[in-house]
Amino acid sequence: MARVFQVTIDKNRCKGCGLCPNACPKQVIAMSKEINDKGYFYAHVVDLPACIGCRFCAFMCPDVAISIAQEDAA
Ligand code: SF4
Ligand code: SF4
């Protein structure tokens, strides 16, 4: 059974520090060209299928804006 990961970034918690795209070994996350409610360029998911569920991004985020969920796919 394959493992599928869901990466959720709460864009309005993000302060645009850029740590998570640097932490991701699979380039799943990039910084958006748009701003959030706080006026920051926020992080967003650009290649979800590449995610290996390592959670480096979530551990790195100082604002706890990222959550990773695992789903089982047939
Ligand atoms: S869990 Fe790992 S591979 Fe997935 S987005 Fe976060 S850092 Fe990247
Ligand atoms: S580490 Fe957190 S605050 Fe920093 S860019 Fe990523 S989601 Fe935003």
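Residues numbered from 1 in each chain as written. Chains lettered and ligands numbered in written order. Predicted model: local features only at pLDDT ≥ 70, side-chain atom pairs only at ≥ 80, totals over all residues.

## Here's the deal with the overall build of the protein
So the rule is basically this: Strands here are runs of E lasting at least two residues and helices are runs of H or I lasting at least four, both read from the DSSP assignment and numbered beginning at the N terminus. Every radius of gyration here is taken over C-alpha atoms, with the globule rule written as 2.2 Å times N^0.38, N being the number of residues. Put plainly, a residue is buried at 20 or more neighbouring C-beta atoms within 10 Å of its own, exposed at 12 or fewer, and partly exposed in between, counting only other residues' C-beta atoms, which are placed from the backbone. We call two residues in contact if the C-beta atoms placed from their backbones are at most 7 Å apart.
The helix and strand inventory of the protein stands at two helices and four strands. Counting helices and strands in the order they occur from the N terminus, the protein gives β-α-β-β-α-β. Taken over C-alpha atoms, the radius of gyration comes to 12 Å for the protein, in line with the 11 Å a tight globule of 74 residues would show. Projected onto its principal axes, the C-alpha coordinates of the protein cover approximately 40 × 20 × 20 Å. Burial analysis of the protein (74 residues in total) assigns 19% to the buried set. Within the protein, residue pairs in contact and separated by at least 24 positions form 62% of the contacts whose partners lie at least 6 positions apart.

## Focus on the site of ligand 2
Rules: To decide nearness, the C-beta atom of each residue is placed from the backbone, and the residue is near a molecule or strand if that atom lies within 6 Å of it. Amino acids outside the nonpolar list (Ala, Val, Leu, Ile, Met, Phe, Trp, Tyr, Cys, Pro) and the charged list (Asp, Glu, Lys, Arg) are all regarded as polar, and Gly is one of them.
The full set close to ligand 2 counts 14 residues, and Cys14, Cys17, Cys20, Ala43 and Cys61 are the nearest of them. Of the residues belonging to the shell around ligand 2, the class tally is 10 nonpolar, two polar and two charged.

## Quick word on the nonpolar core
Counted only if it meets this: Core membership is restricted to buried Ala, Val, Leu, Ile, Met, Phe, Trp, Tyr and Cys residues, and these are joined into a nonpolar core through C-beta atoms within 7 Å.
Counting 14 residues, the largest nonpolar core has Ile9, Cys20, Ile29, Ala43, Cys57 and Ile66 as the members making the most contacts within it. Those elements that place two or more of their residues in this core are strand S1 (2–9) and strand S3 (41–45). Setting aside chain neighbours within four positions, we find Ile29 in contact with Cys20, Pro21, Cys24, Ala43, Val45, Val46 and Cys57.

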